[in-house]
Amino acid sequence: MSDISANFEDALTQSLKGVENLTSQYIAEFAARLAPVYGVSENRLAEVVKNLETKLVTTQGAGTSIVDQHTEHDDTWHERREDINWDYWKDYEKQLIAESWGPHVVSTMGDVTGKILGLLKNPEDVGDWKRRGLVIGHVQSGKTANYIGLISKAADAGYKFIIVIAGIHNNLRAQTQQRVDEGFIGRSSDPNRRGKLLGVGILHPNRRFPVTLTTTDKDFDKRFASQLGGDLQVYKQPVIVVIKKNVSTLKSLYSWLKELNTRESADKIDNIPMLMIDDEADNASINTNREDLDPTATNRELRNILSLFRKSCYVGYTATPFANIFIDPDTDKEMLDDLDLFPRDFIYCLDAPTNYFGPQKVFVDEESSSSILRTIDDAEVIVPLKHKKDHLVSELPISLKKAIHAFIVGNAIRIAREHRNKHASMMVNASRFVDVQRQFRAHISLYMKEIKNAVMFNYALPEEKALKDTHMRALREIFDEEFSGGRESWQDIQKVLYEAVDAIKIFVVNSKSDEALDYRWAEENGESLTALAIGGLSLSRGLTLEGLMVSYMYRNTKMYDTLMQMGRWFGYRAGYEDLCRVWLPSESQGWYSHIAEATEELRQQIKQMRRDRLSPIDFGLYVRAHPDALLVTALNKMRDAERRPFKINLSGTLTETFIVPSDTGIVSENQELMKKLFADLQQHYPVQRKPVGNSYFWEAVDWELAEKFLMEFKFHRQIQDKKTTALDYLRKVSDKYPAVDIAFISLERPKPSTTDFRISGMDVMYCQERAVGASAKGGIREPLEEKGYYITNKQRVASRGAESIGLGDDLRKKAEATAEEDGMNIADKYYREMRPRPLLMLHAVKLVHKIKEKNIEELLLDQVPAMGISFPGGDYSITVDYVVNKVWVKQMQEESFDDPDEEEDYDN
């Protein structure tokens, strides 16, 4: 940012600090009045306003928690202790402000970390004690910042030994160590810069520096730790280690602690309150044969370490409620008997700041997702989703070239916005195999060289001459397609295009690569890094790509925790959110959308359980029985068993036929079923019919009508298990819900292109239009069809708000009030919670295939029946058994494509 812009922003910041109830509109209007005084251009003005919104308007909710209702909690002990001076926290608070965190967000983090600290034990409490908890955050939302804040406060309060478990890769552990160095220790542990003040150390050079037994280049090493001094009792400062989650490292730490710190008489470590932060608590699906990463073995070593301390706290951090502590144990009893790791004392669910660029924005919100998501439809013939490690990559897919163009032009736009001193990144994740990643690097390097040469010789020419070059023309085309609606013109971009492409450095990021993707090194040398990162597992779990703008991921998995972890594109994108693009296969987009909604519903369930005064045990059992946990759990547990029962709970969920038939025979059969059901309702339940716009709604009819319809309605084999569990659950809850509501959903405001489905006795039922995904077959874009069925885009059938049908005004208002209390926009989940009985929804769907970039829309099939059934919430203990066999597991594994045992990107 120029000096003029910086002075302008500083002046505005000072002027606005005291304004109460500050809004984005007020900032924009106030800045516009002052801009002429400082000679600030329109482009610069928009940039400054955006920065000020982030600093001054961004807020964050306090989150919510549930605690063990049978355990006494003194959650204000830290407020009563007058001896705590909070030095570590105050330094960290200043560091966050210096890093341009908004003051409201920093203040909330202080409150939240204080609440979590209150849920731990007072380190001065006498006797033996332990606390076990879980913090649920969001992917790339600031979990690391939160636990460094918690560590700082815990150290202030008297916790003397702190263990941070940071992933299974060296590069992720090193990145976490670096963050801990900056935010807690205050000195660099990098061997090339060891002892150099940084972060909180620069702000407070006379602080009590904590001791670290690990460094950015060295995981815990028993010999190195012993050289520093083995007895924790002799240290006056807190001691911290940042370690990988693997068996050998954990064993080494246990051995060192036991040999040098336990007392012979008790075999326990006295007077050293210990806090363990497990930043890999969501590493549920890595069920690999690699002994060093086996979840059972690593958890055993964690328990061994915890058991050494008379005073210990374990806090897991996870980005998903589908955490391994819930779904890894073989039985409910095994989960609840895990006294050392199960978070029986508390679960704290963090809210994301209002400027968080997360799954809701990328996948759920229709308006924002349409500007962010792009479909990969041409990569299968070049690098199949299921390929071997010796696969030969012959060329780059056109879609990847377009993504690279978007990164170059996006970077040029950021330069035009004076972001030269800020990092920018692109991610390419198209293979789990190291050699295939190297091939992609070779192709991308060659392609980037061609583009760079073309830009170098043409960017300074008049536009008409410059665009005669093929590469320049391709860059202009991507600008027109993706970014022409912004405030920058092509003329602005062409002027800085060479600077933009010349800045890009290409990295292969995996455990076998010696290329260091080091953003901090660049910062310390007064530079910014513009990185195009190619990788696999290292890019999929935890590693932060600074300034990530463009993501290209041609991977497919149905393992939900892995899906969300792969989403490195989540985070904070101040000043360039409009430039962010994500390329994904169509089916992956659907899975992401589905799990984003399921995850958010589970977060809201914690708030409901708090209202119902329930405990972490209740939430753990609920997650284990959640239908979306079945896949992860089954694939983890079915390595040896031929058949295995799992418990499923459909309370508060919606089951839909998002896979619909393309076979006209099946369509016809399902149409006849809908007509027959309508006729039965008309004949036998005329009184229960209620007028609801163009839709047809029956209230409180015999549940067996829904059972019969479900039994006869044709489901695709991929979702046959959903039919089975929905039927079983409907029967299981029939004593409580002897009646159901049934709705034939029709569009309220048909468009000229809207078609209708006619049933005798019905005025008209307007068909809802649904797009289907796309795939590549033989290099030609075709709708995603699997053996006579289409998969609807985002795996949704019902429109938003459909589940409010038939609810009275009082229940609607109550649903809206609950959503407002939770800080959420009204969603179907809230209507579902208010329904007095299950709801069966029938739809007639018009299937279309859209190619957005070519403005093509093709009608595939019309009047296709689809259905959904939802169940009211609150029935936490009602489950049905679903038996999984090896045939099912094999089918899911084949469709998931990614086998952890084939993954090469593990550290040796």
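These notes cover the structure that comes with them. (Residues numbered from 1 in each chain as written. Predicted model: local features only at pLDDT ≥ 70, side-chain atom pairs only at ≥ 80, totals over all residues. Heavy atoms only, no water.)

The subject of this paragraph is the overall build of the chain. Within the chain, the regular secondary structure consists of 33 helices and 29 strands. Looking at the chain as a whole, 60% of its 908 residues qualify as buried. Considering only contacts in the chain between residues 6 or more positions apart, those separated by 24 or more positions represent 80%. (Helix = DSSP H or I, 4+ residues; strand = E, 2+ residues; numbered from the N terminus. Buried < 20%, exposed > 50% of the residue type's maximum accessible area, 1.4 Å probe, protein only. Contact = heavy atoms within 4.5 Å.)

Centre-to-centre distance and the angle between the planes together describe a pair of aromatic rings. Tallied over the full model, the rule gives 21 aromatic pairs. With 5.5 Å between their ring centres and 90 degrees between their planes, Phe-678 and Trp-698 make a pair best called edge-to-face. Linking Phe-678 in helix H28 (residues 664-684) with Trp-698 in strand E19 (residues 695-702), this pair joins segments that are 20 residues apart in sequence. Pair check on accessibility: Phe-678 and Trp-698 agree, each one buried. With a centroid separation of 4.9 Å and an interplanar angle of 80 degrees, the aromatic rings of Tyr-729 and Phe-871 are classed as edge-to-face. Here the residue Tyr-729 occupies a position in helix H30 (residues 720-732), and Phe-871 occupies one in the loop between strand E28 (856-870) and strand E29 (880-885), the gap between them amounting to 142 residues. Both residues of the pair, Tyr-729 and Phe-871, belong to the buried class. Taken together, Phe-678, Tyr-696, Trp-698 and Phe-744 form an aromatic cluster joined through their ring pairs. (Phe/Tyr/Trp six-rings, centres within 6.5 Å; stacked < 30°, edge-to-face > 60°.)

Ile-404, Met-426, Ile-444, Leu-532, Tyr-552 and Trp-569 are the most contacted members of the largest nonpolar core, which totals 80 residues. Top contributing element to this core by residue count: helix H17 (residues 398-416), with 10 residues. Beyond its immediate chain neighbours, meaning those up to four positions away, Ile-444 contacts Leu-396, Leu-400, Ile-404, Val-428, Ile-506, Leu-532 and Ile-534. Grouped together as the second largest cluster of nonpolar side chains are 59 residues, Val-660, Ile-742, Val-845 and Leu-861 included. (Core = buried A, V, L, I, M, F, W, Y, C linked by side-chain atoms within 4.5 Å.)

Our next topic: the sheet that holds strand E4 (residues 211-212). The eight strands lie next to each other as E1-E8-E2-E7-E6-E3-E5-E4, forming an open sheet whose pairing is mixed. Two strands lie at the open edges of the sheet, namely strand E1 (64-67) and E4, each paired on one side alone. Strand direction decides the pairing type here: strand E3 (residues 161-165) and strand E5 (residues 239-243), joined by five bridges, are parallel. Paired with Phe-161 across the two strands is Val-239, which belongs to E5. Contacts between helix H8 (residues 170-185) and the sheet are confined to E3, E4 and E5, with E5 contributing the most and set at about 155 degrees to the helix. Contacts from helix H25 (residues 586-611) reach E1, strand E2 (129-136) and strand E8 (346-349), with the element oriented near 55 degrees to E1. (Pairing = 2+ DSSP bridges. Axes fitted to C-alpha atoms, helices over the stretch in contact; angles between N-to-C directions.)

A few words now on the side chain of Ser-141. Inspection of the secondary structure assignment puts Ser-141 in the loop between E2 and helix H7 (143-157). A distance of 2.7 Å separates a polar side-chain atom of Ser-141 from the backbone oxygen of His-138. (Polar contact = N/O pair within 3.5 Å; in protein donor to acceptor, adjacent residues only side chain to side chain.)

Here the focus is the side chain of Ser-588. Tracing the sequence through the fold places Ser-588 in helix H25. For Ser-588, a relative accessible area of 1% puts it in the buried group. Beyond its immediate stretch of four places on either side in the chain, Ser-588 contacts Arg-555 and Asn-556.

Orientation of helix H5 (residues 87-98) relative to helix H6 (residues 103-119), taken along the N-to-C sense of each, is 150 degrees, at an axis distance of 10 Å. By the angle between their axes, H5 is roughly antiparallel relative to H6. Seen from above, H5 lies across H6 with right-handed handedness. Each of Trp-89, Tyr-92, Glu-93, Leu-96 and Ile-97 in H5 lies in contact with H6, whose residues at this interface are Pro-103, Val-106, Met-109, Gly-110 and Thr-113. Taken together, the residues that form the contact of H5 with H6 break down as seven nonpolar, two polar and one charged. (Parallel < 35°, antiparallel > 145°, perpendicular 65-115°, else oblique. Left-handed = near helix turned anticlockwise from the far one by under 90°. Nonpolar A, V, L, I, M, F, W, Y, C, P; charged D, E, K, R; others polar.)

What follows deals with the pairing of strand E6 (residues 274-278). Across the five residues that make up E6, a large majority, five, are buried. By the alternation rule, side chains of E6 split into Met-274, Met-276 and Asp-278 and Leu-275 and Ile-277, which are all buried. Note that E3 and E6 share five bridges and pair parallel. Looking at E6, one finds that Ile-165 is bridged to Asp-278. With five bridges joining them, E6 and strand E7 (residues 311-318) adopt parallel strand pairing. Within the sheet, the bridge partner assigned to Met-274 lies in E7 and is Ser-312.

Moving on to helix H20 (residues 470-483). Turn by turn, an α-helix covers 3.6 residues, leaving residues three or four places apart pointing in a common direction. Across its 14 residues, H20 extends 19 Å between first and last C-alpha, which sits within 8% of the 20 Å expected from 1.5 Å per residue. Close packing links the buried residues of H20 with strand E9 (373-375), H17, helix H18 (434-458), helix H19 (463-466), helix H21 (490-502) and strand E14 (581-584). The opening residue of H20, the one whose side-chain oxygen lies 2.9 Å from the backbone nitrogen of His-471, is Asp-469. (Expected span 1.5 Å × (residues − 1).)

What follows deals with the sheet that holds E9. In space, the six strands of this open sheet follow the order E9-E14-E13-E10-E12-E11, with parallel pairing throughout. Either end of the sheet is taken by a strand with one partner, and the two such strands are E9 and strand E11 (504-509). Here the strands of the sheet are splayed against their neighbours by 15 degrees on average, with no regard to which way each runs. One ladder, built from three bridges, connects E9 with E14; its direction is parallel. Pairing of Leu-373 across the sheet is with Val-582, part of E14.

The next thing to look at is H8. Over its 16 residues, H8 extends only 20 Å from the first C-alpha to the last, a length that falls short of the 22 Å expected when each residue adds 1.5 Å. With 13 of its 16 residues buried, H8 lies for the most part within the structure. Positive backbone phi, approximately 95 degrees, marks Gly-186, located one or two places after H8.

Contact geometry of H6 with H7 gives a least axis separation of 9 Å together with a crossing angle of 60 degrees. Comparing their axes, H7 and H6 come out oblique. Our pair here, H6 against H7, has a crossing hand that is right-handed. Side by side, H6 and H7 meet where Met-109, Gly-110, Val-112, Thr-113, Gly-114, Ile-116 and Leu-117 of the first sit next to Ala-145, Asn-146, Gly-149, Leu-150, Lys-153 and Ala-154 of the second. Counted by class, the contact of H6 with H7 contains seven nonpolar, five polar and one charged residues.

So, about the pattern of salt bridges. Following the criterion strictly, the structure yields 51 salt bridges and no others. For the salt bridge of Lys-258 with Asp-267, the shortest nitrogen-to-oxygen distance reads 2.7 Å. It is possible to trace a salt-bridge network through shared partners that takes in Glu-182, Arg-520, Glu-523 and Glu-546. (Salt bridge = Lys/Arg side-chain N within 4 Å of Asp/Glu carboxyl O.)

As for its position among the elements, Leu-497 is in helix H21. Between the C-alpha atom of Leu-497 and that of Leu-475, which follows or precedes it by 22 residues, the distance is 9.4 Å. Not counting the four nearest positions on each side in its chain, Leu-497 is found in contact with Ile-408, Ala-412, Val-455, Tyr-459, Met-472, Leu-475 and Trp-490.

So, on to the environment of Ser-753. With respect to the helices, strands and loops of the structure, Ser-753 is situated in the loop between strand E20 (739-744) and strand E21 (756-757). Considering only alpha carbons, one finds Ser-753 and Glu-769, 16 residues apart in sequence, at a separation of 9.5 Å.

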